[in-house]
Number of protein chains: 2
Amino acid sequence: MKEWALKAYRDMSESELACELAIQKERYAAFAAQELKLNMARGKPSPEQLDLSLPLLDMVRGADAPELLLAGSAEDYRNYGGLVGLPKMRSLMGSILGVPAANVIVGGNSSLSLMYYLVSLAMMRGVLGSEPWARLEGTPKFLCPAPGYDRHFAICEFFGIEMIVVPLSETGPDMDLVEQHVQGDELVKGIWCVPRFSNPTGCVYSNETVERFAALRPAAKDFRIYWDNAYAVHELLPVASSSADLPASSPDSLPASTGILNLMDACNATANDNIWYQFCSTSKITFAGGGVAAFASSAENIKSIMDALIIRTIGPDKINQERHLRLLPNLAAVQEHMDKHAAILSPKFAAVDRVLTDQLSEAGIGRWTNPEGGYFISFDGLPRTAIRTVELAEGAGVVLTPAGATYPYGKDPLDANIRIAPSYPSLNELELAAEVLACCILIASLEQLLK
Amino acid sequence: MKEWALKAYRDMSESELACELAIQKERYAAFAAQELKLNMARGKPSPEQLDLSLPLLDMVRGADAPELLLAGSAEDYRNYGGLVGLPKMRSLMGSILGVPAANVIVGGNSSLSLMYYLVSLAMMRGVLGSEPWARLEGTPKFLCPAPGYDRHFAICEFFGIEMIVVPLSETGPDMDLVEQHVQGDELVKGIWCVPRFSNPTGCVYSNETVERFAALRPAAKDFRIYWDNAYAVHELLPVASSSADLPASSPDSLPASTGILNLMDACNATANDNIWYQFCSTSKITFAGGGVAAFASSAENIKSIMDALIIRTIGPDKINQERHLRLLPNLAAVQEHMDKHAAILSPKFAAVDRVLTDQLSEAGIGRWTNPEGGYFISFDGLPRTAIRTVELAEGAGVVLTPAGATYPYGKDPLDANIRIAPSYPSLNELELAAEVLACCILIASLEQLLK
């Protein structure tokens, strides 16, 4: 977090503020006249990042026919079957998540779909024999560390699950509050977590946070931690080269989870084996529209979910799994590949930080994160400025995530948080977009201060 | 349907039957000694059929990068987005189903998943604003034409939907019964239909059947026809060459639906626009494990489902859709491709028919279908012989679909129906498997007659 500057808008007189506002409005008009079309709304990989995975398209060829029958299983992977995915793909996704292959189900192209599915199953069928949430007398509740990921919140809203905001700090959710809710209320059934490079703050959960999660004693037996490890291997600095210096154990052992305690191990140690669900995908590793998603959990949870899954599908697209395995046979290959993403992404994060520092630090009307991984920068401005800022930016051709989206029900109580997604625009576009954003932040702040 | 033979087991004396049983048991022992491993259980394409689509794997290559940005839409199809699929893929699937692209959602690799999803949505959220089925005072019910598809029945059982058996004739379900249930009971919410080359009987719904479906006036406003058009283009005789003789209208006009009335048109004509859901996939066109699935319905239904779908996914694997479009750009290409499947499949269906005719027609203890498309032969034996037959076959190394699977709750009231899936084994294996099956049918029948 950047500190508030000393020489700040707060020290200006009303006429000074008005003068400053006029200056910024002039700048804004100049931006608006350019009829820009820039987008910092969603965490989409850029075309340049997608190009990194073009070799994926050549990994499985028509001429491969005889090999197609193998693929690490007795099944022809062009055919039906393989409910939980190719054994080697389960193993690869397990190595990303820090769990054995047997604890992994691989399927579809979207971890969001897997999260939706797990919640829908709990609503309709309960969890390991518990009462289906749809049949409870009260309304089921989820804890929602915020700012957080809007699509998590949308799943809750869709199913009528009440959302309780829990503040998110740099070490994870406020665990005192989490413990209080989880241990005190049988209707609290889950919590959404993005433990590593959280969306949007980029924070990484501390070991203490993970340990306190593992030590929870929920009032509800069917309480689950929804651990969305979307950015498990998404550092903004190179990893593969540095991890090469580590003592060489198995090539699939876990530098990826360096810096964050293994949730499964922690939960097993506290005899809380079934409390966790983990999710990830290759959407931001290979192709966002053609990757592979995975779910992981305890043996007992996995067995129960397999029994339900067979009702829904005969099996996933195993050809695309094999394609991925040939490009990324193990975790070392994944990390080498992720270093190439980092090389594209980190200058973009740096550019936004540089522009915001240049334009905002003097004014002292906001602070923002400077994450070491993930896809977002989280900006907190003065109260009652976020909606106005996003509106101004849109007026100048810069699309941002809607203000409020990072809070349950789209309602940021302070109207202060803005999620910045620097990945998609080119570096030049991004610098321009960040300047526009900074200008809009200044205007919204000045308007607020002048009220 | 083959007719019962004249010179039949029924005309034999008890000692003649016993003698015949001894003969068949000797044959059976000889089969068993071969330690066969044959499988006629599921409608899986054979490796030879899968080979037909190997060119699919070369359709989208790494070198294609610039083209990737187009794909019939403004979106890079390697990236997120495209909730309902590529426009051209919606159009292609629409041409298979006989509906415009705007009425189609394309996504995932499994039409079964789409059916599951539609039922789960209705359970949790209702249909176009109706009361969610999970909150009804009574139990929701589905009509299940039988014999039918076990995975349809499994979805109902999973969600606790009561299944009502409706007899299936050669022209479709008993429509008197369908009308009676649908129009008389507000808890009847759906019916499973495989209108063309039904699973397992291979029957094709008559125009009158389709018209009576379109004219239904359900007691429940949220009643839907679940029209699983799994075999829409799956003739066992060549189509492309014959349809070339038709007057050339648009290349995408509909020879595929020749012989079956267009359900959407029929429903629109009766102002029943929203009553139908249609499903299909390319699982038995290209790769069963790596195809593309589609759902179609009225504009109003599609809009409502899109609003729900965005909660579950950011978009499907559009790269695989583009791959399919390049191999199969239009319906004519699909039909040409299907003719190649037909050339592989029809000798297999003929072989089973020949063996059963040779071995069973004299005995007069069963009849079976001789379908013009689809994946199955449906065999009806003497009452109380199906379970025993399947058990005997398994003992001789021939795996069949479990007896009863073609009825709701796995309970065939007569214990007489067996589903035969001739697609997967090679022709030689299949002939042997059919001989084993015939022998088992004879033994089970003789045992029954001697009781």
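Residues numbered from 1 in each chain as written. Chains lettered and ligands numbered in written order. Predicted model: local features only at pLDDT ≥ 70, side-chain atom pairs only at ≥ 80, totals over all residues. Heavy atoms only, no water.

Asker: What is the right way to read the interface of chain B and chain A from this model?
Answerer: How big an interface is tends to be expressed through the accessible area that disappears when the partners come together. In this assembly, 57 residues from chain B lie in contact with 57 residues from chain A. When the two sides are added together, the surface that chain B and chain A hide from each other amounts to roughly 4,900 Å², 58% of it contributed by carbon and sulfur. The largest contributions to the chain B side of the interface with chain A come from B:Arg78, B:Tyr80 and B:Phe158, which together make up 15% of the buried area. Where chain B touches chain A, the interface holds 4 salt bridges. Between A:Arg78 and B:Asp51 there is a salt bridge, and its shortest N-O distance comes to 2.7 Å. Put simply, chain B and chain A have 24 residue pairs in polar contact (both at pLDDT 80 or more) between them. For the side of chain B that touches chain A, the secondary structure elements donating two or more residues are α2 (47-51), α3 (65-68), α5 (111-125), α6 (150-158), α11 (299-312) and α12 (318-327) of chain B. With 8 residues, the top contributor of residues to the side of chain B that touches chain A is α5(B). (Contact = heavy atoms within 4.5 Å. Buried area = accessible area lost by both parts, 1.4 Å probe. Salt bridge = Lys/Arg side-chain N within 4 Å of Asp/Glu carboxyl O. Polar contact = N/O pair within 3.5 Å; in protein donor to acceptor, adjacent residues only side chain to side chain. Helix = DSSP H or I, 4+ residues; strand = E, 2+ residues; numbered from the N terminus.)

Asker: Help me out: how do you make sense of the pairing of strand β13 (residues 417-420) of chain A in this one?
Answerer: Side-chain direction in a regular strand flips from residue to residue, so the side chains alternate between the two faces of the sheet. Residues and elements named next belong to chain A. Along β13, one buried face is formed by Asn417 and Arg419 and the opposite face, lined by Ile418 and Ile420, is buried too. Pairing of strand β11 (residues 377-381) with β13 involves 4 bridges; the strand directions are antiparallel. Of the residues in β13, the one forming a bridge with Asp380 is Asn417. (Buried < 20%, exposed > 50% of the residue type's maximum accessible area, 1.4 Å probe, protein only. Pairing = 2+ DSSP bridges.)

Asker: What's the story with the relation of the copies chain B and chain A in this structure? I'm lost.
Answerer: Between the two copies of this chain, the relationship is a rotation about some axis together with a displacement along it. For the match of chain B to chain A, the screw axis carries a shift of 0.0 Å, the RMSD comes to 0.0 Å, and the turn is 180°. The two molecules are tied by a two-fold rotation axis, judged by turn and shift. (Least-squares fit on C-alpha atoms with pLDDT ≥ 70 in both.)

Asker: What is the right way to look at the packing of helix α4 (residues 87-97) of chain B against α12(B) in this model?
Answerer: To characterise two packed helices, one gives the angle between the axes of the helices and the distance between these axes. Residues and elements named next belong to chain B. At a minimum axis distance of 9 Å, the contact between α4 and α12 shows a crossing angle of 55°. It follows that α4 is oblique to α12 by the angle criterion. As α4 runs across α12, the sense of the crossing is left-handed. Residues Lys88, Met89 and Leu92 of α4 form the contact with α12, whose participating residues are Gln321, His324 and Leu325. Of the residues belonging to the contact of α4 with α12, the class tally is 3 nonpolar, 2 polar and 1 charged. (Axes fitted to C-alpha atoms, helices over the stretch in contact; angles between N-to-C directions. Parallel < 35°, antiparallel > 145°, perpendicular 65-115°, else oblique. Left-handed = near helix turned anticlockwise from the far one by under 90°. Nonpolar A, V, L, I, M, F, W, Y, C, P; charged D, E, K, R; others polar.)

Asker: Just to check I follow, could you spell out helix α5 (residues 111-125) of chain A for this structure?
Answerer: Because the α-helix completes a turn every 3.6 residues, residues three or four places apart line up on one side. Residues and elements named next belong to chain A. In this model, α5 (15 residues) spans 21 Å end to end at C-alpha, consistent with the 21 Å of a helix rising 1.5 Å per residue. Within α5, 14 of the 15 residues are buried, leaving the element largely enclosed by the surrounding structure. Looking one or two places after α5, you find Gly126, whose phi comes out positive at around 75°. (Expected span 1.5 Å × (residues − 1).)

Asker: I'm lost on the sheet that holds strand β4 (residues 162-169) of chain B in this one. Help?
Answerer: Sheet strands pair via backbone hydrogen bonds, and the direction of the pair is either parallel or antiparallel. Residues and elements named next belong to chain B. One open sheet accounts for 8 strands, arranged β2-β9-β8-β7-β6-β3-β4-β5; its pairing is mixed. Either end of the sheet is taken by a strand with one partner, and the two such strands are β2 (104-106) and β5 (172-173). In this sheet, strand β6 (residues 188-193) lies alongside strand β3 (residues 141-146) in parallel orientation, the contact comprising 3 bridges. Of the residues in β6, the one forming a bridge with Phe142 is Gly190.

Asker: Would you mind going over empty space enclosed by the protein with me for this structure?
Answerer: Sizing a probe to match a water molecule and rolling it over the atoms shows the empty space that remains. Following the criterion strictly, the structure yields 13 cavities of 30 Å³ or more and no others. What the largest cavity holds in volume is close to 690 Å³. Considering the residues around the largest cavity, the lining is formed by 38 residues, among which A:Gly107, A:Gly108, A:Asn109, B:Gly108 and B:Asn109 are closest to the centre. Among the secondary structure elements, those contributing two or more residues to the lining of the largest cavity are β2 (104-106), α5, α11 (299-312) and α12 (318-327) of chain A together with β2, α5, α11 and α12 of chain B. (1 Å grid on protein atoms, 1.4 Å probe; cavity = no way out; pocket = protein on both sides within 12 Å on 5 of 7 lines; lining within 4 Å. Points joined across faces, edges and corners; volume = space filled by probe spheres on them.)

Asker: Explain the pairing of strand β8 (residues 276-281) of chain A here, please?
Answerer: Residues and elements named next belong to chain A. The element β8 is largely enclosed, with a buried count of 6 among its 6 residues. Alternating residues of β8 divide into Trp276, Gln278 and Cys280 and Tyr277, Phe279 and Ser281, and every residue in both groups is buried. For strand β7 (residues 224-228) and β8, the ladder comprises 4 bridges, and the chain directions are parallel. Paired with Asp228 across the bridge in β8 is Phe279. Alignment of β8 against strand β9 (residues 293-297), held across 5 bridges, turns out to be antiparallel. The partner of Phe279 across the bridge, within β9, is Phe295.

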